[in-house]
Amino acid sequence: MRDMLLIACYALMGAAAAGIVGALVLRVLRHRSVVVSLTVVAAVTVTAMLAGTLAVAQAMFLSPHDLTVVTMVVAMAAVVSLATALLLGRWVVARSRELALAARSFGDGGSFAAPGVPSTAELEALSRELAATSDRLAESRERERALETSRRELVAWISHDLRTPLAGLRAMSEALEDGVVQDPDRYFRQIRTEVDRLNSMVGDLFELSRIHAGALALTPTRMSLYDLVGEALAGADPLAREHGVRLVGDGVEPVPVEVDGKEMTRVLANLLVNAIRRTPADGTVAVAAERREDWVVLSVTDGCGGIPEEDLPRVFDTGWRGSQARTPPAGAGLGLAIVRGIVEAHAGRAEVSNVSGGCRFEVSLPAAAPR
């Protein structure tokens, strides 16, 4: 037993000395290729075994022949180990280079395509993460392109819509200044109308900028959806009468919601104004609200005749106003974008679909927790 302990101690000391030297070498070469690291590890393994064997042989006073035989066996093992380490290292490096080339392609604006050759589990996991990142980047680039297109359209439309009332204001002011106006009061009323229109457009732009900047501060309170819809219908009734449109709100359930009353009133007002302006005279705009599982769904249905299927995904985009026939004389296509921004700030969603004779806008909000 004592001899075995001595052998173990001598072997441990020899192997430890080789291991310490190998660790120092690995530290110095830590920034080199994985081939070098694997070769060093294989060399350290064989050297540790050889050092331990030589230490034990020296202590046990083996014959020169036996020592030569042991050394030869260890040397052959070293050759095989180093060759295996080199082959493994070159294979790992080749797979890493293929992965790096594939990653470079989606970094330059393309999409990531994983190498088709087998690889290690770690490289496979990295490849899956890169593929997921590539998909997210592609979605982000697509959203950025859509937003940029929307911004360009918005700037063009806003420039046109601002130029028209400003030109009218300038012409009316010059006419008043030159004293060629026979009915100044009518011009003053028209100037007031145009100023109100400009003020409304600026207000919409300011609201939309707050939404996009994430600066929309909400103050949720618990209220009945029935009361909220009732106030919105009362506010939209004069416009409906002017356009000869009937407002119907019989299908509203008195379900509780926790929302910012001011912002949700704006949502309902935008939807109702949009529906009234699109509905022909003697048409009907219906408002309904109901509980669906964990959601409260508010819908506004108009008689606009429907929206082209290819335009449905863009309805809530900033600046979208549909075809020329659907473009109102006043407005910059910001109302529905504001609706979506406010609803999403309430952790809800806004959707639109075509129905018989028109379209239905639905606003889904999380239901209020029961008390």
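Residues numbered from 1 in each chain as written. Predicted model: local features only at pLDDT ≥ 70, side-chain atom pairs only at ≥ 80, totals over all residues. Heavy atoms only, no water.

**Student:** Got a minute to help me understand the side chain of threonine 301 in this structure?
**Tutor:** As for its placement among the helices and strands, threonine 301 is situated in strand S5 (residues 295-301). Only 3.2 Å separates the side chain of threonine 301 from the side chain of arginine 360, close enough to count as a polar contact. Residues in contact with threonine 301, not counting those within four places in the same chain, are Thr284, Val285, Ala286, Val355, Cys359 and Arg360. (Helix = DSSP H or I, 4+ residues; strand = E, 2+ residues; numbered from the N terminus. Polar contact = N/O pair within 3.5 Å; in protein donor to acceptor, adjacent residues only side chain to side chain. Contact = heavy atoms within 4.5 Å.)

**Student:** In this structure, what is going on with the pattern of salt bridges? I would like to understand it.
**Tutor:** Note on pairing: side chains with opposite charge can pair once their charged atoms come close. Across all of its chains, the model carries 8 salt bridges by this definition. In this structure, the salt-bridge partner of arginine 192 is aspartate 196, at a minimum N-O distance of 3.4 Å. You can see arginine 192 and its partner aspartate 196 sitting in helix H5 (residues 184-212), 4 residues apart, about one turn around the helix. Judged by its relative accessible area of 56%, arginine 192 is exposed. Ionic pairing is found between glutamate 290 and arginine 292, a salt bridge with its closest N-O pair at 2.9 Å. Its relative accessible area of 32% is what places glutamate 290 among the partly exposed residues. Note on arginine 292: relative accessible area 37%, which makes it partly exposed. Each member of the salt-bridge network shares a partner with another, and the members are Glu290, Arg292 and Glu362. (Salt bridge = Lys/Arg side-chain N within 4 Å of Asp/Glu carboxyl O. Buried < 20%, exposed > 50% of the residue type's maximum accessible area, 1.4 Å probe, protein only.)

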